[in-house]
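Chain and residue survey
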Amino acid sequence: YYTVGPSVTFPLDLFGGGRRTVEERKAYLDYQHFELDAAYQSLTAHVVAEALTLADARAQVDTLNAIIADDQRNVDLVQASIVSGSGTKVQLVSAQSQLAEDKTLLPDLRQRMAVARHALAVLVGKAPAEWSPPAFALEDFTLPGEIPISLPSDLVHRRPDILAAEAQLHVASAAIGVATANLYPKLDLTGTITQQALTPGGLFNSVNNAWSIAAGLTQPLFNGGRLSAQRRAAIDNYQATLAIYRQTILTAFGDVADRLQALSNDADRLKAQAEAADTAAQSLDLARRSYQAGNSGVLDVIDAERRYAQAQLGLAHAKAQRLMDTAQLYLALGGSPITPAKVDAK
């Protein structure tokens, strides 16, 4: 006895359980995509931070080397004045002390540069001994011509963490639909077409056709309240996910507000540091001229150089901090461009 033929079963999905299951899977796929975007943006932010740290440390090292060269010239100047009879040993020791003190700042800055280089190597997937980053400098980075003091709230909605939280909320909502549909009966339609014969040669004779259509109804008779409890758990999970979504949005707005305020403060700090550097440079020039004319001592020159050094280092750090906060604002907006910042270093 031989039989051959297909059998097809089709769920009617009267209460939307299958449809909500598909919806849940798609929402979870969206969530995974947004998580991938968030990881990529986090990686990008770390690369930018380390590149700016490297540029900041390099700028401070260059500034400090120039200051140390000035300190050495002061030492040479005092030594020459001692030979001519106008200098003293106290002045020489003070100049040498300032030179030694400024040199002590170099190792820490070089360590910062080394750490940043090693971190960049790791971020690009290389061992520090295998790869070295470009010699980033602050001049390689250009800020936007104008940074707004306020931004539309829809830009914040581009953040991948908010979009991921939305996708999670969608997953939780679809799960409620699935749990609700499980409370009701499931109706499946089954259709069968077969060929039946006592010999293989008779299988494809039309007189041997047979078909059947049936409907099957499935309903749990006793489940101890398990299905109702699953639905309540899905609703509670939705409420918890909704709270996380709201918290994510509030955190995002707070983050953007912090970055905007930081940029406003950075502009004031940079202006003040530039003015301090100009004033310190003028004061140092006057102190040197006064010393050469014999109207003041070398201690006045050393004190002016100390203020100049602090102003120059502060100016370099203020520039780097403004670049860093600008990059952090882009990250807080989910990578949304305001005015594209140009980065010359590759």
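For every chain, the first residue of the written sequence is number 1, and numbering continues from 1 onward in sequence order. Under the rules for a predicted model, residues below a pLDDT of 70 receive no local features and side-chain atom pairs below 80 are neither given nor counted, while totals for whole chains, interfaces and linings still include all residues. As a rule here, side-chain values cover all heavy atoms of the structure and leave hydrogens and water aside.

1. Remarks on a nonpolar patch on the surface
- Only residues whose relative accessible area exceeds 30% and that form no salt bridge are eligible for patches; like-charged ones are grouped when within 9 Å, while nonpolar side chains (Val, Leu, Ile, Met, Phe, Trp, Tyr) are grouped when within 5 Å. Methods summary: accessible areas were calculated by the Shrake-Rupley approach with a probe of 1.4 Å, and residue burial reflects only the protein chains presented. Salt bridge, as applied in this entry: a Lys or Arg side-chain nitrogen positioned within 4 Å of an Asp or Glu carboxyl oxygen. On the surface, Leu14, Phe15 and Tyr184 cluster together into a nonpolar patch covering about 320 Å² of accessible area.
- Runs of H or I in DSSP of at least four residues are treated as helices and runs of E of at least two as strands, each being numbered from the N terminus. With respect to the secondary-structure elements, phenylalanine 15 resides in the loop between β2 (7–11) and α1 (17–84).
- Owing to a relative accessible area of 43%, phenylalanine 15 belongs among the partly exposed residues under this scheme. A 1.4 Å probe rolled over the protein chains alone gives each residue an accessible area, and that area as a share of the maximum for its type sets the label: buried under 20%, exposed over 50%, partly exposed in between.

2. Here's the deal with the pattern of salt bridges
- Applying the stated rule across the entire model yields 12 salt bridges.
- For the salt bridge of aspartate 285 with arginine 289, the shortest nitrogen-to-oxygen distance reads 3.3 Å. In this pair, aspartate 285 and arginine 289 both sit in helix α5 (residues 226–292), four residues apart, roughly one turn of the helix.
- In this structure arginine 289 comes out as exposed when scored by relative accessible area, which is 55%.
- Across the pair arginine 288 and glutamate 305 runs a salt bridge, and its minimum N-O distance is 2.8 Å. Residue arginine 288 is located in helix α5, and its partner glutamate 305 is located in helix α6 (residues 298–332); the two are separated by 17 residues in the primary sequence.

3. Quick notes on the packing of α1 against helix α3 (residues 106–123)
- Direction vectors running N to C along α1 and α3 enclose 155 degrees, while the axes themselves pass 9 Å from each other. With respect to α3, the axis of α1 lies roughly antiparallel. The way α1 lies across α3 gives a crossing that is left-handed.
- Lys, Arg, Asp and Glu make up the charged group, whereas Ala, Val, Leu, Ile, Met, Phe, Trp, Tyr, Cys and Pro make up the nonpolar group; the residues left over, Gly among them, are polar. By residue class, the composition of the contact of α1 with α3 is 15 nonpolar, four polar and five charged. Note on method: axes are straight lines fitted to C-alpha atoms, helices fitted across the in-contact stretch only, with angles between N-to-C directions ranging 0 to 180 degrees. Orientation is classified from the angle alone, with under 35 degrees giving roughly parallel, over 145 giving roughly antiparallel, 65 to 115 giving roughly perpendicular, and any other angle giving oblique. A crossing counts as left-handed when the near helix is turned anticlockwise from the far one by less than a right angle, and as right-handed when that turn is clockwise.

4. Remarks on the confidence of the model for the protein chain
- A residue's pLDDT is simply how confident the predictor is in it, with values from 0 to 100. In the predicted model, the protein chain carries a mean pLDDT of 83, and the fraction of residues at 70 or more is 89%.
- At the level of individual helices and strands, the protein chain shows its lowest average pLDDT in strand β6 (residues 342–343), which scores 36, and its highest in α3, which scores 93.
- Throughout residues 337–346 the model reports pLDDT below 50, and contacts reaching past four residues in sequence, or to other chains, amount to 25 contacts. Residues are treated as being in contact if the distance between any of their heavy atoms lies within 4.5 Å.

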